[in-house]
Structures are given as C-alpha cells and as structure tokens.
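If you want the building blocks of each chain, they are given just below.
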Amino acid sequence: MKGCEVDTDTMSKEEAEHLRLLVDQSGILRSQELQSLSSEGADMLTYEIKVEIDNTLYNFIFDRNNLPAQFIPLLKYLHDRAKIVPP
C-alpha cells in the first residue's frame, strides 16, 4: 500500500497554492462522498483521498470504475508523492 500526507501549512507558498488549485479544479469538495466501490473483485486498485479543512475531514474512496475524470490531476499529484506505507 502506498500513501502520502501533504500539509499546505508546511510546504512552500507556491506548492501550497498549486495543491489548492488542484483540489479546487477537481471539484472534490463539491462532490458527494464516493463510498460505493465497484464489486469487480479484491484485485481492484482502490484510491482514498482525505482532505481536512478547518478541522472538517472530507473522505473519498473510489476505484478505476468510479474515478471522476476531474480527479485525475489531483490523484497524479498525490501519486507522485506517495511512498510505501507499512502495514
């Protein structure tokens, strides 16, 4: 399993603005939570994005079959920073 945690309070101003723009352009915070995963089997790659703003946590879970196209740039940004997470 891979994951990453990014914090706009600790990154450069430019990087934080870029991440905020990706989140805004994705529309993820305006979407309903994506909790219904497809049932194509255990081998399906699953994505989870959690966004915390002002102590409010937004949680999104999706797979290849229900991945909104507008999430792809944000997902790529996070994927490029992901590292293996110990179990």
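Student: Help me understand the environment of Ala69, please; the structure alone is not making it clear to me.
Tutor: Here Ala69 shows up in the loop between β3 (56–63) and α2 (72–81). Separated by 43 residues in sequence, Ala69 and Ser26 place their C-alpha atoms 8.5 Å apart.

Student: Looking at this structure, I do not really get the side chain of Ser26. What am I missing?
Tutor: Positionally, Ser26 belongs in helix α1 (residues 13–26). Among the polar contacts listed, one links the side chain of Ser26 to the backbone oxygen of Val23, at a separation of 2.7 Å. With residues up to four places along the chain from it excluded, the contact list for Ser26 reads Gln70, Phe71 and Leu74.

Student: In this structure, what is going on with the packing of α1 against α2? I would like to understand it.
Tutor: For any two helices packed against each other, the geometry is given by the interaxial angle and the distance between the axes. Between α1 and α2, the least distance of the axes is 8 Å, while the angle of their chain directions is 140 degrees. With respect to α2, the axis of α1 lies oblique. On the side of α1, the interface is formed by Glu15, His18, Leu19, Leu22, Val23 and Ser26, while α2 contributes Pro73, Leu74, Tyr77 and Arg81. Taken together, the residues of the contact of α1 with α2 break down into six nonpolar, two polar and two charged.

Student: How should the nonpolar core be read in this particular structure?
Tutor: What tends to happen in soluble globular proteins is that the nonpolar side chains get buried as a cluster. With 16 residues, the main nonpolar core has Leu19, Ile28, Ile49, Phe62, Leu74 and Tyr77 as its most contacted residues. Elements supplying a minimum of two residues to this core: α1, β2 (46–53), β3 and α2. Every residue in contact with Leu19, bar those within four places of it in the chain, is listed here: Val6, Thr8, Met11, Leu74 and Tyr77.

Student: What am I meant to see in a negative patch on the surface here?
Tutor: Together, Glu5, Asp7, Asp9, Glu52 and Asp54 line one region of the surface with negative charge. Relative to the helices and strands, Glu52 is located in strand β2. Residue Glu52 is classed as exposed on the basis of its relative accessible area of 56%.

Analysis parameters
- Residues numbered from 1 in each chain as written.
- Predicted model: local features only at pLDDT ≥ 70, side-chain atom pairs only at ≥ 80, totals over all residues.
- Heavy atoms only, no water.
- Helix = DSSP H or I, 4+ residues; strand = E, 2+ residues; numbered from the N terminus.
- Polar contact = N/O pair within 3.5 Å; in protein donor to acceptor, adjacent residues only side chain to side chain.
- Contact = heavy atoms within 4.5 Å.
- Axes fitted to C-alpha atoms, helices over the stretch in contact; angles between N-to-C directions.
- Parallel < 35°, antiparallel > 145°, perpendicular 65-115°, else oblique.
- Nonpolar A, V, L, I, M, F, W, Y, C, P; charged D, E, K, R; others polar.
- Core = buried A, V, L, I, M, F, W, Y, C linked by side-chain atoms within 4.5 Å.
- Buried < 20%, exposed > 50% of the residue type's maximum accessible area, 1.4 Å probe, protein only.
- Patch = residues over 30% accessible without salt bridge, like charges linked within 9 Å, V, L, I, M, F, W, Y side chains within 5 Å.
- Areas by Shrake-Rupley, 256 points an atom, 1.4 Å probe, with all protein chains shown as cover.
- Salt bridge = Lys/Arg side-chain N within 4 Å of Asp/Glu carboxyl O.
- Lys, Arg positive; Asp, Glu negative; His and termini not counted.
- Charge placed at Lys NZ, Arg CZ, Asp CG, Glu CD.

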